[in-house]
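# Examining the three-dimensional arrangement
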Amino acid sequence: MKARNMKFVSAGVAILAAQSALAFGPWQEKAPIGGVELSDGETRDQLDVRFDVIGRENAAKPYIVTRTKRLVVLFDHVRLAVNTNDLFVHWHPDTSLLPSRLVGRIGEILPERRKCGPWMVRGAFTSSFDVSHACPDWQSVLALGPKGLADRARSRRATAKTDEERLFLDCVAEVYDALVRECVRWADFAEAKGMREVAAVLRENAAHPPRTFREALQWALVYDRAQEAEGEDVRSQGLFDRLFIGFYRADLAAGRETRESAKQLVADWYTRFWTQQHPNNKNIAFGGYDAKGEPVWNELTELGFEVFRELGRINPKLTYRFGRKTPREQLEKVTRCLTEGKTSIVFACEETLGEMFRRRGKEPQDIADYVLVGCYEPGIGGREIVSSMAGDLNLAKPLEAVFNGGRAFDGERIGPMCDLPRDGEAFEREYLRQVRSAVTDMLALTRAAESRWYELNPAPLFSGSFRDCIERATDYSQGGCRYNSSGIDCVGLGTVADSLAAVCYLVDEQKLVTMAELGQILRSNWEGRETLRLKARRVAPKWGNNDDRVDQAARRVYAAVASSINAERNGHGGCYQAGFWSIFNDMRCGSRTAATPDGRRNGETLSRNNVATAGCGHEGASGVIHSNLKLNLADSPNGHILDIILPTSIVRNPTAAADIAAIISTYFEKGGQCLHLNCLDSKTLRDAQNHPERYADLQVRVCGWNVRWRDLSRAEQDHFIVTAEAQE
């Protein structure tokens, strides 16, 4: 097998150094790093005009007809892109055109949503339906190809019982027929540019299911772009070492590929995701237990992590599933990446997540196929709609209501009326009542939006990937999948636990202030009371340090919030699921939250994920691990992440990979759920802040994704430095 073009590898370091900062917001239209050539086709404005005409002509029909015809027009007329140095095609412009119409559609169907304000309802929560965290049925996608998916829908139509079922199946067949034509168009353009091998693969994709490793990888990229053009972000590429191993082994047995040529394919496939510049990175999963309960580690697991280490990029990010039965030497091959600064990996515990899935009624044979969707949100690959950001709950906002009779300090009603509690115990009881009220309000608003999902965002292409949607002849937005979940992201657990402990410390134990005085001090944002604020900040017990005085409060809040959310039905045929993580919402929620009893000032960020408040984690990794283990992490079906910082002195040891593996294993053996790590020290970070040109390749784990240090804002860099200093 001849060596393939390796420009993408040799140029990787230079391109990485030139990569611009990634911002949240529409990212689909960024031209890939390295550039592309575009085929003939219609411009965005021309497509937009066509979309308007389709909308008018089909206004009286179910909205799935309009969505289908718009998607068909896009696949038939969008300009397609190639780069002659690449082994795959993967991108075309105007992917955001159809999704961008969703906002206007929400305004038409749910005008009451406008009362939600610019971001949060009363600063307490957000509420919507989530199309940004999706994982298709990759098994069906790869087993059938576009033509097979269209044929499956047509075959099912023969037994459909209602006009609605027949319409859904017709729409599925229509969009996949159009995707077949797009593959042919892309092949023609690639061939015109001298990319004969790429063109041949695309023609095979159009004609039948993938039969080779390269065909499977190429079709996965085409599908990925198509789904995102429909408007559902692909936030998991599935279990790579299970989905593709059959193609890989068949190619090696037939002599079509060697290990080295297949490795080049994987490297270019990873590179395509990197060049797309997704701000939160693309997630690819490995390992775990199979349906027989045996650990998975095969040739592609080995190859996947080998390529990841050699490329050293922030994107894609990898999920590694492991448990008690996983051989330690396999885990250490993964942790070796961390010792080299390649930290874009999240670790997931088989035992804890298995128990969580069983509690939620998931079938044992399905649990083997779970993935983490987006950052660390668990879901059954190919059988579950995760919708992991249907709502964001600001856990800290109800603290204001307790002090102010059910109102925020600005006077807006955010909870039920209440009297001012007399002591810390009564304060916690009232806080739990207020936060449960916030959950009730949030879920009611979210449920109302989800009940109109089919009118807002039917998805024939995405739904058509799922075997369950085809069997039920029902769109995913109507509950067509086996499991139809909605996730609620709970933000600021550490801030709340610290605040409850601070109330007990300041009011009950030290008697430094009365409850009424503390409330007034917080309204005044600690003005003139700096000494008291520092006592609250530095002396009162702090979450993340293995201190029961605060950890038990966190445990009670965690249990109460999780049970309030997990017991509720959602608006699309499933249940709500609590998750405890923040991503960037620690900053957003903090900006809408007044001063809190833990010494935090008005507008400052809340605690991130489930670690100590920045600057307050004095017991290092051990302290935050022990605090988290006091929680019942199987009660977080929407995910619970622990992110810890290890000192760089650890990674300098010759036994670093084994030492890190031991830390992760111990956490998981005692009930941990998901974990990711940074290996940093404050001295290095301060030098990198002052001399970014010396640290072009330094990457940090932000929340559920990695970024280059030089691309962080000054405030975000300071957050990492303060956190690292507290643990040194």
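In short, a report on the structure. (Residues numbered from 1 in each chain as written. Predicted model: local features only at pLDDT ≥ 70, side-chain atom pairs only at ≥ 80, totals over all residues. Heavy atoms only, no water.)

## A word on the packing of helix 8 (residues 196-207) against helix 9 (residues 213-230)
Note the threshold: Note on method: axes are straight lines fitted to C-alpha atoms, helices fitted across the in-contact stretch only, with angles between N-to-C directions ranging 0 to 180 degrees. Working definition: helices are DSSP H or I runs of at least four residues, strands are E runs of at least two. Numbering for both runs from the N terminus. Orientation categories follow fixed angle ranges, with anything under 35 degrees roughly parallel, anything over 145 roughly antiparallel, 65 to 115 roughly perpendicular, and all other angles oblique. A contact between two residues is defined here by any heavy atoms of the two lying within 4.5 Å. Throughout this entry, Asp, Glu, Lys and Arg are counted as charged residues, while Ala, Val, Leu, Ile, Met, Phe, Trp, Tyr, Cys and Pro are counted as nonpolar. The remaining residues, Gly among them, count as polar.
Between helix 8 and helix 9, the least distance of the axes is 9 Å, while the angle of their chain directions is 75°. On the basis of their axis angle, the class for helix 8 and helix 9 is roughly perpendicular. Between helix 8, through Glu197, Val198, Val201, Leu202, Glu204 and Asn205, and helix 9, the contact on the second element is made entirely by Arg214, Glu215, Gln218, Trp219 and Val222. Taken together, the residues of the contact of helix 8 with helix 9 break down into 5 nonpolar, 2 polar and 4 charged.

## A word on the pattern of salt bridges
Convention followed: Only one rule defines a salt bridge in this text: a Lys or Arg side-chain nitrogen within 4 Å of an Asp or Glu carboxyl oxygen. Residue burial is assigned from relative accessible area. The probe radius is 1.4 Å, only protein chains are included, and a residue is buried under 20% of its type maximum, exposed over 50%, and partly exposed in between.
A full pass over the atoms with the stated rule returns 57 salt bridges. With its nearest N and O atoms 3.3 Å apart, the salt bridge here joins Arg122 to Asp441. Of this pair, Arg122 sits in the loop between helix 5 (102-109) and strand 3 (125-127) while Asp441 sits in helix 18 (residues 424-450), placing them 319 residues apart in sequence. Its salt-bridge partner being Lys362, residue Glu384 comes within 3.0 Å of it at the nearest N-O pair. Placement of the pair is Glu384 in strand 9 (residues 384-385) and Lys362 in the loop between helix 15 (350-359) and helix 16 (364-367), with a sequence separation of 22 residues. Across this residue pair, the class does not change: Glu384 and Lys362 are buried.

## Let's talk about the environment of Trp219
Positionally, Trp219 belongs in helix 9. Trp219 sits in the buried class, given a relative accessible area of 0%. Filtering out sequence-adjacent residues up to four positions away, Trp219 remains in contact with Val141, Leu142, Gly145, Pro146, Leu149, Leu179, Asn205 and Pro210.

## Details of empty space enclosed by the protein
Spelled out, the test is: Space inside and on the surface of the protein is sampled on a 1 Å grid over the protein atoms alone, with a cavity defined as a set of points where a 1.4 Å probe fits but cannot get out and a pocket as an open set with protein on both sides within 12 Å along at least 5 of 7 lines; lining residues have an atom within 4 Å of a point. Grid points are joined across faces, edges and corners, and a volume is the space filled by probe spheres set on the points.
Overall, the coordinates contain 7 cavities of 30 Å³ or more when judged by the stated rule. If you go around the largest cavity, you meet 13 residues; those closest to its centre are Val611, Asp643, Ile645, Phe720 and Thr723. Counting only elements with at least two residues in the lining of the largest cavity, the list comes to strand 14 (641-646) and helix 31 (714-726). Among the residues forming the lining of the second largest cavity, the class breakdown is 7 nonpolar, 7 polar and 1 charged.

## Let's talk about the layout of surface pockets
The calculated volume of the second largest pocket comes to roughly 520 Å³. Broken down by secondary-structure element, the contributors of at least two residues to the lining of the second largest pocket are helix 24 (530-538), helix 26 (585-591) and helix 31. With 5 residues, helix 31 is the single largest residue contributor to the lining of the second largest pocket. Broken down by class, the residue content of the lining of the second largest pocket amounts to 8 nonpolar, 7 polar and 11 charged.

## Quick word on helix 31
Short version of the rule: Take the residue count of a helix, subtract one, and multiply by 1.5 Å to get its expected span.
If you check helix 31, its first and last C-alpha atoms are 18 Å apart, about what 13 residues at 1.5 Å a residue would give, namely 18 Å. Looking at the buried positions of helix 31, the neighbouring elements they touch are strand 14, strand 15 (674-679), helix 30 (682-690) and strand 16 (699-701).

## What about the packing of helix 12 (residues 259-276) against helix 13 (residues 299-311)?
Between two packed helices, both the angle of their axes relative to each other and the distance between the axes serve to describe the pair. As a reminder, the rule being used: In a left-handed crossing the near helix is turned counterclockwise from the far helix by less than a right angle, and in a right-handed crossing that turn is clockwise.
Two elements in contact, helix 12 and helix 13, have axes whose closest approach is 10 Å; the angle formed by their N-to-C orientations is 60°. Judged on the interaxial angle alone, helix 13 and helix 12 are oblique. In this structure, the crossing between helix 12 and helix 13 has a hand that is right-handed. Between helix 12, through Arg259, Ala262, Lys263, Val266, Ala267, Tyr270 and Thr271, and helix 13, the contact on the second element is made entirely by Glu302, Leu303, Gly304, Glu306, Val307, Phe308, Glu310 and Leu311. Here the residues of the contact of helix 12 with helix 13 sort into 8 nonpolar, 2 polar and 5 charged.

## Notes on the side chain of Arg101
Which entries qualify depends on this criterion: N or O atoms within 3.5 Å of each other form a polar contact, as long as, within protein, one can give a hydrogen and the other can take it, and as long as residues adjacent in sequence are counted only when both atoms are side-chain atoms.
Assignment of secondary structure puts Arg101 in the loop between strand 2 (81-82) and helix 5. Engagement of the side chain of Arg101 in a polar contact is seen with the side chain of Asp48, the distance being 2.6 Å. Beyond its immediate stretch of four places on either side in the chain, Arg101 contacts Asp48, Phe51, Asp52 and Arg70.

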